[in-house]
Amino acid sequence: PRSTLFPYTTLFRSIHPDDRERVLARNEEFVRTGGPPSDEYRVVLPDGRVRWVHERSLLLRTTPDGEPLVHGVVVDVTDERTSYEIAERAGRLFRALVEHAGEGVTIVNEQGVVVYQNPTMGKVVGRPPEWFEGRTPLDLMPPEDAARARDILAALRNRPGAQIPGEFRLRHRNGWGRIVAGLATNLLNEPAVRGIVLNYRDVTEERDMTRRLREAEGRRQALLE
C-alpha cells in the first residue's frame, strides 16, 4: 500500500532474505530512536517477483503487546532503481575501458570543467590528477586556442551525439608546450557519462617532425635554385 497503518512485522515477512537482516537492524534503531525514517530494500511478492521499494515511515505508538505501529509510505521504485544500477554499471565499465587507454580521455561539463580524466592527461601536461579538480583544460591553452575550444563547447551543447575535431596547444608544468589532436563528443544525455568526452593524443613529436621536414625541404629547394 502507498499509505496505510499496519503492524511493522507484517512488511518484514515479504522482505528479500538478502536485505532482511539489514532492515531488521534499521528497524530496531527506528523503534528506539525514531530514525532513520527512510530506507530502500527488496521485497518478494506472492508470485515470486522481486521489487525494490522505498519506505518512509513515522512511528506512531506501541500496542499493549509491545508491537510498534508505523504509518508508512511505501513506493515501488524498481524501474528507477534498475535504470540507476544500469547507469552505474555502464559508468564503471566506461572508466575501466579508458583508465589505461593509451590516448587521453577527459570528460568535461557544459562549462568545460573537468569531471573525469584518465592518467594520460596528467602525463601530457605534467600535472597530478588532483590538479584538475574544479579546473578546465582551457586554463592550459593560449588565449586563441582557448577561444576556439569555447566555440566547440558552445556548438556541441545542444547537439546530443555530435562530434567536432580539434587541435590545441597545452602548457606543460615545465613551461614548454604540447600539441594534442582529438575529438569532442557530446554525451551529456548519456546516463553513464553525462558530459562532453574529449578523446585526444599528444601529436607534439609528429608536428615537430613535420615542421623539420618542411624546413629541410625549403632549404633543399633554396640550394637547387
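A quick note: this is a predicted structure, and the numbers were derived from the prediction, not measured.

Definitions and limits used
- Counting restarts for each chain, with residues numbered from 1 along the sequence as it is written.
- In keeping with the model being predicted, local features are shown solely for residues with a pLDDT of at least 70 and side-chain atom pairs are shown and tallied solely at 80 or more, while totals for entire chains, interfaces and linings include all residues.
- Remark: hydrogens and water are excluded; side-chain values derive from all non-hydrogen atoms of the structure.
- Note on conventions: DSSP H or I runs of at least 4 residues are helices, E runs of at least 2 residues are strands, and numbering of each starts at the N terminus.
- For this analysis, residues touch if any pair of their heavy atoms sits within 4.5 Å.
- For every accessible area listed, the method is Shrake-Rupley and the probe measures 1.4 Å; residues are considered covered only by the protein chains on display.
- Think of pLDDT as the predictor's per-residue confidence, scored from 0 to 100.
- Planes of paired rings set the category: under 30 degrees apart is stacked, over 60 is edge-to-face and the rest tilted, where pairs are Phe, Tyr or Trp rings (Trp by its six-membered ring) whose centres lie within 6.5 Å.
- Each residue is placed in one exposure class: buried if its accessible area under a 1.4 Å probe, protein chains only, is under 20% of its type's maximum, exposed if it is over 50%, and partly exposed if it falls in between.
- In our convention, an over-ring charge means Lys NZ or Arg CZ found within 6 Å of a ring centre and within 35 degrees of that ring's normal.
- Note on pairing: two strands pair once DSSP finds at least 2 bridges between them.
- All axes here are fitted lines through C-alpha atoms, helices being fitted over the stretch that makes contact, and every angle between N-to-C directions spans 0 to 180 degrees.
- One less than the residue count of a helix, multiplied by 1.5 Å, gives the span that helix is expected to have.
- What the arc describes is the spread of directions from the helix axis to the C-beta atoms.
- Salt bridges are counted wherever a side-chain nitrogen of Lys or Arg sits within 4 Å of a carboxyl oxygen of Asp or Glu.

Peer 1: Tell me about the overall build of the protein, and please be specific about residues and values.
Peer 2: Looking only at helices and strands, the protein has six helices and nine strands in total. Residue pairs at least 24 apart in sequence account for 42% of intrachain contacts in the protein once pairs closer than 6 positions are excluded. Put simply, the protein shows about 13,800 Å² of open surface, and 54% of that area lies on carbon and sulfur atoms.

Peer 1: Outline the confidence of the model for the protein, supporting the account with residue identities and numerical values.
Peer 2: For the protein, mean pLDDT is 80; residues scoring 70 or higher make up 78% of the total. Within the protein, helix H5 (residues 143-156) carries the highest mean pLDDT (93), whereas strand S1 (residues 4-7) carries the lowest (45). Considering only residues more than four positions removed or in separate chains, one finds that residues 1-7, a stretch of pLDDT under 50, has 19 contacts.

Peer 1: Explain the packing of aromatic side chains residue by residue, including any values.
Peer 2: Enumeration according to the criterion identifies one aromatic pair in this entry. Judged by centre distance (5.3 Å) and plane angle (85°), the ring pair of Trp131 and Phe132 falls under edge-to-face. The pair Trp131 / Phe132 is uniform in exposure class, with both members buried. In this structure, Arg127 is placed above the aromatic ring of Trp131, and the distance from its NZ or CZ to the ring centre is 4.7 Å.

Peer 1: Report on the sheet that holds strand S5 (residues 104-108), specifying residues and quantitative values.
Peer 2: Strand order in the open sheet formed by five strands is S6-S5-S9-S8-S7, and the pairing between neighbours is antiparallel. Of all strands in the sheet, those bounded by a partner on one side alone are strand S6 (114-117) and strand S7 (163-171). Here the strands of the sheet are splayed against their neighbours by 25° on average, with no regard to which way each runs. Note: strand S8 (residues 177-187) against strand S9 (residues 195-202), eight bridges, orientation antiparallel. Across the sheet, the residue bridging to Leu183 is Asn199, located in S9. Sheet strands touched by helix H6 (residues 204-224): S7, S8 and S9. Its angle to S8, the strand with the most contacts, is close to 125°.

Peer 1: Provide a residue-level description of H5, including the pertinent values.
Peer 2: The end-to-end C-alpha separation of H5 is 20 Å, in line with the 20 Å expected for 14 residues at 1.5 Å each. Listed in full, the buried residues belonging to H5 are Asp145, Ala146, Ala149, Ile152, Leu153 and Leu156. All buried residues of H5 fall inside an arc of 115° around its axis, so they share one side. Residues of H5 that are exposed and point over 90 degrees away from its buried face: Pro143 and Asp151.

Peer 1: Requested: an account of the side chain of Thr106, with residues and values cited.
Peer 2: Turning to its location among the elements, Thr106 is positioned in strand S5. Given the relative accessible area of 1%, Thr106 is considered buried. Those residues in contact with Thr106 that lie beyond four places of it in its chain are Val114, Tyr116, Gln117, Met121, Ile196, Val197, Leu198 and Tyr200.

Peer 1: Please provide a residue-by-residue account of the pattern of salt bridges, values included.
Peer 2: Counted according to the given criterion, the structure contains 18 salt bridges. Taking the shortest distance from any N to any O, the salt bridge between Arg26 and Glu55 comes out at 3.2 Å. Of this pair, Arg26 sits in helix H2 (residues 17-33) while Glu55 sits in strand S3 (residues 50-62), and the two are 29 residues apart along the sequence. Residue classification places Arg26 among the buried positions, given a relative accessible area of 7%. Linking Glu206 and Arg201 is a salt bridge whose minimum nitrogen-to-oxygen distance equals 2.6 Å. Residue classification places Glu206 among the partly exposed residues on the basis of a relative accessible area of 37%. We classify Arg201 as partly exposed; its relative accessible area is 42%.

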